Every structure is written in C-alpha cells, then in structure tokens.
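Secondary and tertiary structure notes
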Amino acid sequence: MKVALLRYPGTWSERDFQHAFSLVPGVETEIVWHEDAGDLARFDAAIVPGGFSYGDYVRAGAIARLSPATKSLCRFAEEGRPVLGSCNGFQILCEAGLLPGALLRNAGLEYRCDWVHVRVESDRTPWTRGLGGQVLRMPIGHGEGQWVADAETVAMVEAEGRVVFRYTDERGAATLEANPNGSVANIAGVRSAAGNVVGLMPHPERCVEALLGGTDGYRVLANLLPEPVGTGPALYMER
Amino acid sequence: MVTGTMTAKPDLPREAGLTPFEAERVRALAGREPNPLEWAMFGAMWSEHCAYKHSRPLLRSLPSRGPRVAVGPGENAGAVDLGDGLLCVFKVESHNHPSAVEPNQGAATGVGGILRDVFAMGARPVALLNALFFGDPSEARTRRYVSGVVGGIGSYGNCVGIPDVAGHVSFEPCYAGNPLVNAMCVGLVRRERLRFANSARPGSAVYLVGSDTGRDGIAGASLLASFELGEGGEEHRPSVQVGNPFLEKLLMEATLELVERDAAEAIQDLGAAGLTCATSEVAARSRAGMRIDVETVPRRAQGMTPYEVMLSESQERMLVVARPGRERDVEDVFRRWELHGVRIGTVTDDGMLTVTSAGEVVATLEPRWLADDAPEYDVRAWAEAPDPAGGGAAEPTVRTEGAPLQKVGLELLELLACPAVASRRVLYRTYDQMVGTDTVLGPGADAGVLRMKGRRDGVAVCIDAQPRVAAIDPFVGAASAVAEALRNLVCVGATPLAITDCLNLGNPERPAGAWQLERTVAGVKAACEALGVPVVSGNVSLYNATRGRDIWPTAVIGAVGHLADVASHIPVTSGRRGDAVLLAGSAAVSLGASAYGARLGMHEGPVAIDLALEARLHRFVLAAHAAGLVRAAHDRSEGGLAVALAELALRDGVGMRVTLPAVRGIDRRVALFGEGPSGVVLVVDPAHADALRVIAEAEGVPLWTLGAIGGDLLEVAPVLGVPVASLADAHGHGLARTLGREA
C-alpha cells in the first residue's frame, strides 16, 4: 500500500502524516511536491495534508486548486482511489469541486487549536469502515474551518449520507457548544458521492500515539489497509 | 527666526543615531570623513540594538560554558548537546518597540526573526514560546495591544507550522504604553549540519534570497529600537516591517535543504540593520572582505537609493554564501521552493566591505569596524540605586493580619479569575500547539515537553519572568526568574541544561536605569552559578520607557531541560484519590509582591531568594522523580499556595483536603496567598511518603504534609471549602471576562 502525501508550497502536515503512517504496518508513504504530481498512478491512496498552501492569502485552498497537482488529484479521485484531505487539504478538495460546500473563517474569527470530539456519521468510505457511530477525539488547528453550503446542498449532503464527521460532545450529542467554528449542522467532514474522497477539518495524524494524548486518528488512517490493524500496544502509554 | 538661502549642513552622525564621541571614533577608524551611506551603516551597526553598547561589558560576566554547551553566546542562537550527535538550538529575542508601534506586524515579525535565527544555523525549528507584558487588561488600549500581539504571533507561527508550547503573560501598569513581546524558538540539528556565518571564503558567490527588498523598516534598529518611544509613536510606523509567513516557510525549507545538501558555506539571516548587518557580520566573522552591488538586489519599490537598500529591514531574507562550484545547486534549491534568489556579490580577500551601485563604489569600510568596533559603555560608572531603593523592611502599607477569614473562599475565586493568575487558554488556543506532532505537554503545563521522533529522550522548555519582584529588587527579580524557569522544568521531570535570556529594561543612560541593568545581570549570574546552568544566547532590549518612565526591570528567562525518557515525564494530573499532597522547599512567603497583595494596592519588600535552597529543591524533586515517587508536581507561583493547590485540583477535576503548613509568624491568609520562591507542591502515593521523606532529608529540603487528594472540593481546613467546578470556572474564564471577550 503506497500513499502519496501532496506537498504544496506552504503545506505543513505532510511530515506529520508521514510519521503517522510509519506506525501503520504495510503502508509506505512518499511526499510528492505539487509540481511533480502530474502522475499519481503509482499510488494506492492520496493525502492532501494541512497547512497554509500559498499562504492562504486569497482564500484557503483557492490558489492550490489551480496547481497541476490538483488536476491530477481529480483524475485520481475519479478512478475511485481513496483520497483524504485534512484541514487545508479539506479546503483544497472543496475548492477543487471534489467535495461539496466551502470553508469560511471560523465563526469566532480566531484560529482555534484544541481537542474536539466528532461522531462518525458515515462508514461508507475507505477511511471510516467499521467506525460508524463511534465518537472520536481528535485535535483541530484552523482559522478557516466553518463548513457552509447552500440549503439545497446541505439537504443533499444529509439525505445522501455524505456527512462523515460531525462535531459532538464526548457523549456524541451534536450541541452548539461542541461546534468549534460555526459549521452548518456541526459538520466536520464530508465525502464524495462515490465515497472514496473524504475531507475533514480535524487532524487524524496528530492523534496516533497515546504519548501525544490520543490514538483515535490511528483508527482512521489504519483503515486504509484491507484488514485494519488495531492500535499497536507499543503505542499505548498507560497513565 | 532668520532663514537664509544656505541650507545648514546636516549633522549626518547625529541623524544616524551616533553621539559626537562615537562620530569621532568612526572618523578615527576610517581615517577620513565617511559619506552619508557609510554614516548610516555605522549608525545601524553601532545602535544599542545591534551592538549591545551598554550591556556587553556586563553580559561577559554571565557563565556561558558547561559540558553540554555546544554553541555559546555570539552566534545567531546558542545550542546544547542532547547526546548521540543531536543539538538543541535556542534563543529568545525581543520585538518590543515595533510591537508598541504596530502590535500585529511587530509581534508577527518578532516570531519571524527568531525563527530565522534558528534555521540560519541549520536547525529545524520545533517549538515557539513567547513572553508578553501588557498594561491593565480592562483598558481599551491594552485590549487592542493584546489582540494585535496575540493575533500577530498566531498568524505567523500557525502559517509557518511551528507549535507554540509554552509562554508567560504579565499585566502590569508599567507596560501600558510600552508592551513587551519576547519570542523564543527552539530547534534541532545534527551536529555535522550545524552552520555558522564564519566560514565564507574569498571567491565564493554571495546570494540574497527571499523577499524582495522594500522601504519597510528602514533604520528600525538604530532609530526605533534604540531610543525611548516618544509621543506619537505612529510616526514610526514606516519603521516597522511587514511579515510574510508563507515566504518564511519556503525560506525555512529551502535553507534546511541547502544545509542538507551541504551547498552553502555560510548562511546569515537579515534582521536588524538588514543587508548592512548580514554582509558585515559574515565578512567580519569569516575574516574576509565582500563586494556587493546594490543594483542587483531585487526591490519592491522603484527608485530605491543605495541607502534604502542597505538599511531596509524587509523581512524573510537570507544571505547565502555558496560553496565554490555549488552555485547551480543553490540556485536550484531556490527555484524549487519558488523563491527569488539572486547573486548580489562575491566574498573577497581585500578585507573590505565594498558596496557598489551602477559601477560606482558607494561605501567601502572594514567589516569589523561595523561588526566589532562599536564603543562599549560600562553603566556601572553612573549606576545609582533609585531612592528609595526598595528591598528595605518598610512598614507594610496595607495590613491583612487579623482580617476575618470567612471570605477567603471568595477571595480565592477572585484571585483565580484575576489577570495575574487566570488561565491563558483564551490566548494560547489561537496558537497551533500540536503541529509537528511532537508536543507531549503544551501550554498550561509547568513547562512544555517535546518528544523527538525516533529517540527515547525528550526536551522540556519554558519561559518565565518576575517583574513584580524585580520592581522592588532587580537582583532578586532576575534571580527569581531564573529559579522559576528551572523549577518549572524540574516540575515536569526535566534536568535543566541551559538558559537564554532577554533583558528588557528602561533607559541605561539614566543612573537608575544603569543600576537596574547592572543588578539584573548580577541576579541572572548569581542564579545561574548557584543552580549550575549556563546562558548560551540572549538579547537585551533597552530604552523601554514611556514619557520618561521606565518599565520595571524585566528579565525574561527561557530554559531548556532534558528528559532521559520522555514517556516518563511528570504528567499534568491531579493525582489519584487518597494520594498525599505535600509542600517541598520554602514556606517563607509574603504578600508584598504577590498577586493577592496587588489587588489591595500593596507592592513592597522585602523580597529575597535562597539560591542554595532552590538548588537543593531541584535536586530533591529530580531525585524523587527518578525514584518513581512523584505522581504530580506544580510550582507555587502567582497566587501562592492556595492557587497552586487549586490549579492541581483543576487538572483532572478532583478535589483535595489539606491543612496549611504551620510556620511561625505567618498568618493563614499569608500562608494561603503569600508568594515566595523555592516552593513545589507534590502529589505522591501515600505508600511512597516515607521514601520521599528520606530523599528530602538527604537533600536538606524541608517537607510539609498538607493532606490528601479526594472529593469534589478544595478544602483547606478550617478556612476554605470551594467546589472544584467553581475554581475551574473562575480560572478558565477569568481572563476572557477581563478582556471583555465573554460575559
């Protein structure tokens, strides 16, 4: 299993993803510079990591959309291969039209870095198989994570079961307080119609080791394998 | 007033910020009258900011050597050896005056500058810290400063993708018009990849890479950073640089790739005094000359003069000297990272820094005149303690003894919510604390803890200051800041390795300012010697004053410690029900310089620190942790013992039942809220209490058993019983409420 980690100018989560996948047996990764991403055929899956591509000076993800890497990513997705965009990667996937909706500045206007809970709403993706209904604890770190869409799109996304993650409290209730950025209907992540493309604002790569406070991200990333391997005991640190 | 047709001859040295004495020295060195550009270059390089004129003789007295020191003061940053060939590079630096004039860009570019100091040495930055000092947070002006500065730090660090892992924030009236913004960066580098600016060889090509050069920040070092801010600081706004963190990120990756490919022989960031500083320092340190052509420097604006190009402080620029024959590799790396990098000159063997423009020589000076030959002033010659000097046993202005105790629960809640004590989360949650996936403990813990991928050991970092104590006695304040920073490392289980210091003071030309500077350095020195840590890097920011009133002497201490096994750091926990709660160290506390006292308008001495006890306390806590006895540890700092206990209870929301240590002459209120150095609260399994006592006795550290973990209340018998949930609400929301951000 070979995973491409796309690197645009300003991307900063690619090395974090590389480390996270290094803990998943059987997954190889390669960081791919956006100019060298014309052909992704040798990869089985692709990650669009977080960061500030092109400084996000226009609108998060808006310039990255124009990169040749994004065009080949679209082809890659059309072929049905798994794509995961986190944080700025989610913004890029929305800007590229691979995912519905758009991400605006947080309702509180400030960047927010924190731990949040999300409930897995759809297990019909390569990243969430077997996780349906589970409440995961993951970090966020973003200034533009307010997912919005017109009413019609929201209704479509909900009706087709394309909401993948929803911000909730630790018991799984989608409350106002649990929504860190004002996203419509507490939506934290969505998928493409086919299900192979998923975007989310939280950072699964930041929670793959107990030493750093949690391992729920490992469950998402390890899902890529045909037989997902549970969190290895070596990763656990009993408090 | 008579005005003639003749224009008065401009006083060039004075306009460059030089005194008549300094101007004479320049003429003597050059053996001629410099031209206007040369005067400006001297002015920038001989500014307080670049040359440390008033502090250098004192700074030499600081201990800077030790078995773990890999790079001492004088380089872009200092470094300690972590073992197995890995070095930890770090430095703290001020960006006070730019932040006072333009808080957002001033703070942002402060972060940018300290990042470049670290990656210019070939180290990958892994953590940022900051120490911020503002006026009263209920004032509108302070709120503007807070949101500007915090927003600037966040927007820059978040975009570059370096986590913010620890910090310090003070709110005191003396900073109202002159806030302090000190930023610290920590990086890691393999020893063989460490780069210095001292290895440029004649014939090598000199590149300027990064941002195009504009008219921003011209002469910022000499004119803005090295004098007091006057009325109408807005006039200086053009002297403040504008940051571009996206470009910084590319510049960082490109620089690290140049180092990895070993294509550069010298790298220097452009900070204060811009191209003048970078070219003269690389040439001086390499004992070489350099010839550059300002016409080749890419510009943002048309019609820029050589003066503007040489003195611009445009951000996100690096000077790179290519290894001979590797010019193409250097250019490839620039291109790959989509950076504008051009060859602007050559290293020469004539020993002169020569600047040309359109084929003409516009400046020619020996680099060391600029970089090394600035005068030094020994402030001890005119230092004089202000009257009254403080520190004496004056009559207390406010008496608290005998006041009824039934309201202490309420007092504790008010104290927990007050700006000196309340959680800083409302500020630090806007900084990314986890990017890089190395943050084991982030802001809110006694110290930040970082793991290093592929290694078992870890690094602990923190940044502290004690301005309220220093206002009474700058020596004790500075020593206490060092002690607190190291104590915080010890509280996460880390062995202190070294510190970096940023000394923020007022005007050193006044006797009181000179005295404060001398006492502050003496305090840092005494504490470092007693506690066994060297100072490996640092920065001095003088002339922090508004309308002739100096700030309190503010020694900011950034400390780095080592954990042999990062997984077994002392965690942030309340402990388990039934665990014993103890106080180790000193129970000698007072309200004079405390946060509690401040709320009553009290600010008085005496203040003191027993550095020998402090050293024993550190050894004791580390020995107890090494023996596996410590479940939790927390420094007793702002708010005293009561706040330290409350903050422990908050960690997991578990209460405790304790009594106060009985100390003669200290009444209950003082025992609860009084502050003093050398105190650590420990939580241990009761089965380990005896073993702990044995170690304490061996190290000569007093130990008081206070009580036990359990219940939903913080109970201090017989005076106090407050639900932990109420403590959490006060502590968690106090600062946001004071800043007017939430109801």
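Because the structure is predicted, anything quoted here is derived from the model rather than measured.

Our next topic: the overall build of chain B. Scanning chain B from terminus to terminus reveals 25 helices and 28 strands. At 26 Å, chain B has a C-alpha radius of gyration in line with the 27 Å of a compact globule built from 743 residues. By principal-axis analysis of the C-alpha atoms, chain B measures approximately 85 × 70 × 45 Å. Looking at chain B residue by residue over its 743 residues, the buried ones come to 64%. A fraction of 85% describes how many contacts in chain B between residues 6 or more apart in sequence connect residues 24 or more apart. On chain B, roughly 25,700 Å² of surface is accessible, and the fraction owed to carbon and sulfur atoms is 51%.

This part covers the confidence of the model for chain A. Here chain A shows a mean pLDDT of 91. Residues at 70 or above account for 93%. With pLDDT under 50 throughout, residues 231-239 of chain A is counted as low confidence; its partners more than four residues away or in other chains account for 17 contacts.

A separate point is helix α13 (residues 327-336) of chain B. Residue and element names in this part refer to chain B. Taken residue by residue, α13 has Val330, Val333 and Phe334 as its buried positions. Mapping the buried residues of α13 onto a view down its axis gives an arc of 100 degrees, with all of them on the same face. Exposed and oriented more than 90 degrees from the buried face of α13 are Arg328 and Arg335. In this structure, the buried residues of α13 make contact with β7 (205-210), α10 (245-260), β10 (317-322) and β11 (341-348). Where α13 terminates, the next one or two residues include Glu338, which has phi positive at roughly 60 degrees.

What follows is about the interface of chain A and chain B. Opposite the 31 residues of chain A that make contact, chain B presents 34 residues. Buried area between chain A and chain B, both sides added, is near 2,800 Å², and the carbon and sulfur share of it is 57%. Per-residue buried area on chain A facing chain B is highest for Cys113, Leu211 and Leu212 of chain A; these three make up 19% of the total on that side. If you look at where chain A meets chain B, you find four salt bridges. Its salt-bridge partner being Asp114 of chain A, residue Arg425 of chain B comes within 2.5 Å of it at the nearest N-O pair. Here chain A is connected to chain B by twelve residue pairs in polar contact (both at pLDDT 80 or more).

Residues and elements named next belong to chain A. If you walk across this open sheet you meet the nine strands as β2-β1-β3-β4-β11-β10-β9-β6-β7, and the pairing is mixed. In this open sheet, the two strands that pair with only one neighbour each are β2 (28-33) and β7 (135-142). Strand after strand, the sheet turns through a mean of 25 degrees between neighbouring axes, direction not considered. Examined bridge by bridge, strand β6 (residues 112-120) and strand β9 (residues 163-168) share four bridges and lie antiparallel to one another. In the strand pairing of β9, Val118 is matched with Tyr167. Along the sheet, helix α3 (residues 88-95) contacts β3 (45-48), β4 (83-86), β10 (187-191) and β11 (197-200); its crossing angle with β4, the most-contacted strand, is approximately 120 degrees.

Next up on the list: unusual backbone geometry. Residues and elements named next belong to chain B. With an omega dihedral of 0 degrees, the bond running from Gly605 to Pro606 counts as a cis peptide bond. Tracing the backbone through its elements, the reader meets Pro606 in the loop between α20 (595-599) and α21 (611-626). With omega at 0 degrees, the peptide bond leading from Ala717 into Pro718 counts as cis. Here Pro718 is to be found in the loop between β27 (713-717) and β28 (720-723). Positive phi values are uncommon outside glycine, yet Arg287 reaches one of about 50 degrees.

Procedures and definitions
- Residue positions are given per chain, counted from 1 along the sequence in the order it is written.
- Chain letters and ligand numbers both follow the written order, the letters beginning at A and the numbers at 1.
- With pLDDT at 70 or above as the cut-off, local features in this predicted model cover only qualifying residues; side-chain atom pairs require 80 or more to be listed or tallied, and sums for whole chains, interfaces and linings still use all residues.
- Hydrogen atoms and water are omitted, and side-chain values are computed over all heavy atoms in the structure.
- Numbering of helices and strands runs from the N terminus; a helix is a DSSP stretch of H or I covering at least four residues, while a strand is a stretch of E covering at least two.
- Our radius of gyration looks at C-alpha atoms and nothing else; its globule reference is 2.2 Å times the residue count to the power 0.38.
- Categorising residues by exposure relies on relative accessible area from a 1.4 Å probe, with only protein chains included: less than 20% of the type maximum marks a residue as buried, more than 50% marks it as exposed, and the intermediate range marks it as partly exposed.
- It only takes one pair of heavy atoms within 4.5 Å for two residues to be counted as in contact.
- With residues, only the protein chains shown are counted as cover, and all accessible areas are computed by Shrake-Rupley using a 1.4 Å probe.
- In predicted models, pLDDT denotes the confidence assigned by the predictor to each residue on a 0 to 100 scale.
- Starting at the helix axis, one direction is taken to each C-beta atom, and the arc is that of these directions.
- Once two parts are brought into contact, the accessible area they lose, counted with a 1.4 Å probe and summed over both, makes up the buried area.
- The salt bridge criterion pairs a side-chain nitrogen of Lys or Arg with a carboxyl oxygen of Asp or Glu, the two atoms within 4 Å.
- In protein, a polar contact requires one atom able to donate a hydrogen and another able to accept it; more generally it is a pair of N or O atoms within 3.5 Å, and residues adjacent in sequence count only if both atoms are side-chain atoms.
- By definition, two strands form a pair when at least two bridges between them are found by DSSP.
- Between N-to-C directions, angles cover 0 to 180 degrees, with each direction set by a line fitted to C-alpha atoms, over the stretch in contact for helices.

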